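# Reading the structure
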Amino acid sequence: MLFPDYRPRRLRQNEAFRRMMRETVLAPDDLILPLFVIGGQDERNPIEAMPGQFQLSIDQLIPVVRGAHGLGIPAVMLFGIPDRKDPLGTRAYAKDGIVQKAVKALKDQVHGMAVITDVCLCQYTDHGHCGVVEGDRIDNDASLDLLARTALSHAKAGADMVAPSDMMDGRVTEIRAALDESGFSQTPVMSYAVKYCSAFYGPFRHAADSAPKFGDRRTYQMDPANVLEGIREATMDVEEGADIIMVKPALAYLDVILRIRQEIDLPVAAYSVSGEYAMLKAAEKMGWLDGPRVMMESLTAIKRAGADMILTYFAMEAAEMLQQ
Ligand code: PBG
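Our subject in this report is the structure included herewith.

The rules behind these values
Residues numbered from 1 in each chain as written. Predicted model: local features only at pLDDT ≥ 70, side-chain atom pairs only at ≥ 80, totals over all residues. Heavy atoms only, no water. Near = heavy atom within 4 Å. Polar contact = N/O pair within 3.5 Å; in protein donor to acceptor, adjacent residues only side chain to side chain. Areas by Shrake-Rupley, 256 points an atom, 1.4 Å probe, with all protein chains shown as cover. 1 Å grid on protein atoms, 1.4 Å probe; cavity = no way out; pocket = protein on both sides within 12 Å on 5 of 7 lines; lining within 4 Å. Sits in = over half its atoms within 2 Å of the grid points. Nonpolar A, V, L, I, M, F, W, Y, C, P; charged D, E, K, R; others polar. Salt bridge = Lys/Arg side-chain N within 4 Å of Asp/Glu carboxyl O. Helix = DSSP H or I, 4+ residues; strand = E, 2+ residues; numbered from the N terminus. Buried < 20%, exposed > 50% of the residue type's maximum accessible area, 1.4 Å probe, protein only. Core = buried A, V, L, I, M, F, W, Y, C linked by side-chain atoms within 4.5 Å. Contact = heavy atoms within 4.5 Å.

### Some words on the site of the ligand
Taken together, 18 residues lie near the ligand, and Lys195, Arg205, Lys248, Ser274 and Tyr313 sit nearest. Within the side chain of arginine 205, a nitrogen or oxygen atom sits 2.6 Å from an oxygen atom of the ligand. For the ligand, an oxygen atom lies 2.6 Å from a polar atom in the side chain of tyrosine 313. Relative to its free-state accessible area of 400 Å², the ligand is covered by the protein chains to the extent of 100%. The cavity that encloses the ligand is the largest cavity. Grouping the constituent residues of the shell around the ligand by class yields 10 nonpolar, 3 polar and 5 charged.

Dropping the structure here:
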């Protein structure tokens, strides 16, 4: 297979050949759209560092989710922005909490769309951490019950799947048990298992008003330098009963996605986070990059690395392009 006998360009010479040789094909089925839901009526607040993304009140959320469904996107991931915060994040597991209300409305009004809920406390706690704070520490075990209550309240509201993103140890076991005990043995858990302590979450924390008020998340989210630790995290969550394993962020962690895909035989999700979206949108706005092309190239790379599904703020734009 050496030149001049072999010529790789033979198979690239026209679009038909290129389509036939394509190893990775992106489809709307691969995409999950993250959405921010806020109380009130007619709220559609643009998120500054995420052009095209909004904090939406439930009445505004419904048509967006209908639109996503129409484009063939199978699922949305909901993040709630509560009306008030307190030390224990009680609005995260309130029956009339914002996510609980949004899930109910979506399940009533948009048929055939899977609704996944982010399970965490950081948007709901006044200190902005993902668990219960004791002094200057985040108390792992004291957080588990609250996370399980949050997941259960989402399931009771009708959520099709719950996705814990807090990074407390043992939370999948606790959530699985809480769901099973209350008759939700059919509700899958998508675990943010391999979640790094990343500066790429910056725009999200503005959007969700969830930045920690003191310290950072380094004692619970993973060190970006580590990959073996990620395999341990993923293996643990598989044993605890997770149904889907997520890697997050995506673009700067393609090697991690590949390793997890090789080590774990569950479906793998990758979360292309707010900062990844912001980077591409900013460069496009400056006229420095071709927005649609870098979007498709990035999403294809995440799938090529081994992701079975991709959470991305580009879901609508990408699905639209894929329909043409
Ligand atoms: C909540 C959570 C975060 C993201 C998803 N769930 C923020 C964080 O951990 O600080 C980030 C998503 C994004 O940046 O798009 N724990």
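### Remarks on the pattern of salt bridges
Taken as a whole and assessed by the stated rule, the structure comprises 16 salt bridges. Between lysine 303 and aspartate 30 there is a salt bridge; the shortest N-O distance is 2.9 Å. In this pair, lysine 303 is assigned in helix H10 (residues 291-305) and aspartate 30 in the loop between helix H1 (15-21) and strand E1 (31-38), connecting sequence segments 273 residues apart. You can call aspartate 30 buried: its relative accessible area is 10%. We note a salt bridge from arginine 171 to aspartate 237, for which the minimum N-O separation is 3.9 Å. Remark: aspartate 237 occurs in helix H7 (residues 228-240) and arginine 171 occurs in helix H5 (residues 171-181); sequence separation between them is 66 residues.

### Digging into the nonpolar core
Counting residues in each nonpolar core, the largest one holds 111 residues, and the members touching the most others are Phe36, Met77, Met190 and Ile260. Those residues in contact with methionine 190 that lie beyond four places of it in its chain are Ile32, Met77, Ile116, Met161, Val162, Ala163, Pro164, Ile244, Met246, Ala269, Met309 and Leu311.

Note that all results are geometric; they support no functional claim without further evidence.
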